[in-house]
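Summary of the model geometry
The residues making up each chain are set out below.
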Amino acid sequence: MEKYDIDDEFDPSYMRCAIELARRGTGAVNPNPLVGAVIVKDGRIIGEGYHVRYGELHAERAAFASLKDQADAEGAVMYVTLEPCCHFGKQPPCVDAIIEHKIRKVYCGSDDPNAMVAGKGFKRLRDAGIEVYTHCLKAECDAINGIFFKYIVNKQPYVTMKYAMTMDGRIATHTGASKWITGEASRAYVMELRNRHKGIMAGIGTVLADDPMLTCRIEKSTDRDTDNVRNPIRIVCDSKLRIPEDSQIVQTAGEIETIVATTAAGASDSAKCERLKDKGVSIIETEDVDGQVDLRQLMTILGGKGIDGILLEGGGELNYSMVSEGLVDEACVFIAPKIFGGEGKYSPVSGTGVDVPADAHMFGLDEVRRFDEDVMLRYKKV
């Protein structure tokens, strides 16, 4: 059980409520963090809010806006998942609102690594005479903002590699057939992953083999804010610019932001580049690394475009290249209760591979989840 270096008034159920509120902003706040806040007085929640959409009210101000009577906040306690901001951006500083509403105590989960905040928010509150307790359910609060934490510090996207395989490690049959390996529940969760990440990346091999759309298909329901469902920016690594102009990705590039990353060899086909651009495709040219796109350079370029998170749905070659370059932060591995058998190339991570077990690329097991008969293993880079 997690221990809290705080007073007896702290109630973890209120912080968990704030965490669930924060999750509602998934898909709409990037590159800002997911944040939730609740205001508690006399043993009950009197106000709650979350960061709904980039540019709109931050969680703390949304919680104050939900109050029936603004005066009710005086002497109340606030639970917030991330350190309150203390600088002007799209919104004014949240610490000012907390002070103005005469909150007497703040319980906070995560530290904000943004250099413009980073402890300064806590100091402002304490200097105003407000009790502040930090690291309250820190692990749970940190877990919802892995994308933000990496991006705000490194200005590079957080990369989640996703693949589905059978019990015997196959991503397709010997004929190349791959629909479907996992069940509907697993595939529905993958749509949630697509919504969580601002970008989705695949290799040209996947595009040629499957002609995918790489869109986010989440059905409307009463228990979620479907206004926050979005299609990720589609990124195709295509060193020789082989992408078919009649592919679904190219044909829908005018509606869904699409990037093709290539090298000088691909970009030399200026006529095709122009035709792709006319259809809405953005072309990024990187250095050539052994005939392939320079993935490190690409991540820097994409980070500069505000793409804070990428769901990697590449084939085996691209997956291995990303792993070997140390660019994968997390892996979601879905295992279906099936055996395909056979020999061949249909491995989720291929490439050259390491020579000896000691050279393996290491990840730590972070979560195990079941989706009907499928199992998902979530790993984090160590």
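Values in this document were obtained by computation on a predicted structure and should not be read as measured data. (Residues numbered from 1 in each chain as written. Predicted model: local features only at pLDDT ≥ 70, side-chain atom pairs only at ≥ 80, totals over all residues. Heavy atoms only, no water.)

This part takes up the overall build of the protein. Summing up its helical and strand segments, the protein has 13 helices and 16 strands in all. Taking 21 Å as the expected radius of gyration for a compact globule of 382 residues, we find that the protein reaches 23 Å, a close match to that expectation. Over its C-alpha atoms, taken along the principal directions, the protein stretches across nearly 65 × 45 × 45 Å. Across the protein, every contact between residues at least 6 apart in sequence was considered, and the portion connecting residues at least 24 apart equals 73%. When the accessible surface of the protein is split by element, carbon and sulfur atoms take 49% of a total near 18,000 Å². (Helix = DSSP H or I, 4+ residues; strand = E, 2+ residues; numbered from the N terminus. Rg over C-alpha atoms; globule rule 2.2 N^0.38 Å. Contact = heavy atoms within 4.5 Å. Areas by Shrake-Rupley, 256 points an atom, 1.4 Å probe, with all protein chains shown as cover.)

Together, Leu 365, Val 368 and Val 375 make up an exposed nonpolar region whose accessible area comes to about 250 Å². Tracing the backbone through its elements, the reader meets Leu 365 in strand E15 (residues 363-371). Given a relative accessible area of 53%, Leu 365 falls into the exposed group. (Patch = residues over 30% accessible without salt bridge, like charges linked within 9 Å, V, L, I, M, F, W, Y side chains within 5 Å. Salt bridge = Lys/Arg side-chain N within 4 Å of Asp/Glu carboxyl O. Buried < 20%, exposed > 50% of the residue type's maximum accessible area, 1.4 Å probe, protein only.)

The subject of this paragraph is the nonpolar core. If you look at the biggest cluster of nonpolar residues, it comprises 30 residues, and the most contacted ones within it are Ile 39, Phe 64, Met 78, Ile 98, Ile 103 and Val 106. Elements supplying a minimum of two residues to this core: strand E1 (36-41), helix H2 (59-65), strand E3 (77-82), helix H3 (94-100), strand E4 (105-110), helix H4 (120-127) and helix H6 (146-154). Examining the composition of this core, we find that four residues originate from one element, H3, more than from any other. Apart from the residues within four sequence positions on either side, Ile 39 is in contact with Arg 44, Ile 45, Ile 46, Gly 47, Ala 63, Phe 64, Leu 67, Ala 76, Val 77, Met 78 and Ile 103. Listed in part, the 29 residues of the second largest apolar core include Ala 202, Ile 204, Val 281 and Leu 311. (Core = buried A, V, L, I, M, F, W, Y, C linked by side-chain atoms within 4.5 Å.)

This part is about the pairing of E3. Consecutive side chains along a regular strand alternate between the two faces of the sheet. Within E3, six of the six residues are buried, leaving the element largely enclosed by the surrounding structure. Looking at chain direction, E1 and E3 are connected through four bridges and run antiparallel. Note that in E3 the partner of Ala 37 across the bridge is Val 80. In this structure, E3 lies alongside E4, joined through five bridges in parallel fashion. When the sheet's bridge partners are listed, Val 80 is paired in E4 with Cys 108. Assessed by its sense of winding, the connection that carries the chain from E3 through H3 to E4 is right-handed. (Pairing = 2+ DSSP bridges. Right-handed = clockwise from strand over helix to strand, strands pointing away.)

Here we come to the sheet that holds strand E14 (residues 330-335). Strand order across the open sheet formed by nine strands is E10-E9-E8-E7-E13-E6-E14-E16-E15, with mixed pairing between neighbours. Each of the sheet's edge strands pairs with one partner strand only, and the pair in question is strand E10 (281-285) and E15. For this sheet the average axis-to-axis angle between neighbouring strands, irrespective of direction, equals 20°. By the bridge criterion, five bridges tie strand E7 (residues 199-203) to strand E8 (residues 233-237) in an arrangement that is parallel. Within E8, the residue paired with Gly 199 across the bridge is Ile 233. (Axes fitted to C-alpha atoms, helices over the stretch in contact; angles between N-to-C directions.)

With that out of the way, let us pick up the UniProt feature "binding site: Zn(2+)" (unreviewed entry) in the protein. The UniProt record marks His 58, Cys 85 and Cys 94 with the feature "binding site: Zn(2+)" (unreviewed entry), using the residue numbering of this structure. A compact arrangement is adopted by the annotated residues: their sequence extent is 37 residues, whereas the largest C-alpha distance between any two is 9.0 Å. Checked against the element boundaries, His 58 lands in the loop between strand E2 (44-50) and H2. The residues contacting His 58, other than those within four sequence positions of it, are Asn 32, His 51, Cys 85, Gln 91 and Cys 94. (UniProt positions renumbered as here; feature names shortened; annotations may be inferred.)

Let's shift gears to the UniProt feature "binding site: substrate" (unreviewed entry) in the protein. UniProt feature "binding site: substrate" (unreviewed entry): in the numbering of this structure it lies at Ser 178, Arg 194, Thr 206, Leu 214, Arg 217 and Glu 313. Apart from residues lying up to four places away in sequence, Arg 194 is in contact with Ile 200, Leu 214, Thr 215, Cys 216, Arg 217, Pro 232, Leu 311 and Glu 313. Position of Arg 217 relative to the elements: it lies in the loop between helix H8 (204-210) and E8. What makes Arg 217 partly exposed here is its relative accessible area of 49%.

Moving on, we come to the side chain of His 101. Relative to the helices and strands, His 101 is located in the loop between H3 and E4. There is a polar contact of 2.9 Å between the side chain of His 101 and the backbone oxygen of Ala 97. In this structure His 101 touches Phe 64, Gln 70, Ala 73 and Glu 74, once residues within four positions along its chain are discounted. (Polar contact = N/O pair within 3.5 Å; in protein donor to acceptor, adjacent residues only side chain to side chain.)

Here we take up the packing of aromatic side chains. Under the counting rule described, the total for this entry stands at nine aromatic pairs. Here Phe 148 and Phe 149 contribute two aromatic rings whose centre-to-centre distance is 5.9 Å and whose plane-to-plane angle is 55°, an arrangement assigned as tilted. Of the two residues, Phe 148 and Phe 149, neither departs from the other in class, the shared state being buried. With a centroid separation of 6.4 Å and an interplanar angle of 55°, the aromatic rings of Tyr 189 and Phe 334 are classed as tilted. With Tyr 189 in helix H7 (residues 184-196) and Phe 334 in strand E14, the pair connects residues that are 145 residues apart, well separated along the chain. Judged by its relative accessible area of 9%, Tyr 189 is buried. A relative accessible area of 1% places Phe 334 in the buried class. Of note, Lys 155 hangs over the ring of Tyr 151, and the distance from its end group to the ring centre comes to 5.6 Å. The ring of Tyr 189 carries Arg 369 above its face, with NZ or CZ at 4.8 Å from the centroid. (Phe/Tyr/Trp six-rings, centres within 6.5 Å; stacked < 30°, edge-to-face > 60°. Lys NZ or Arg CZ within 6 Å of the ring centre and 35° of its normal.)

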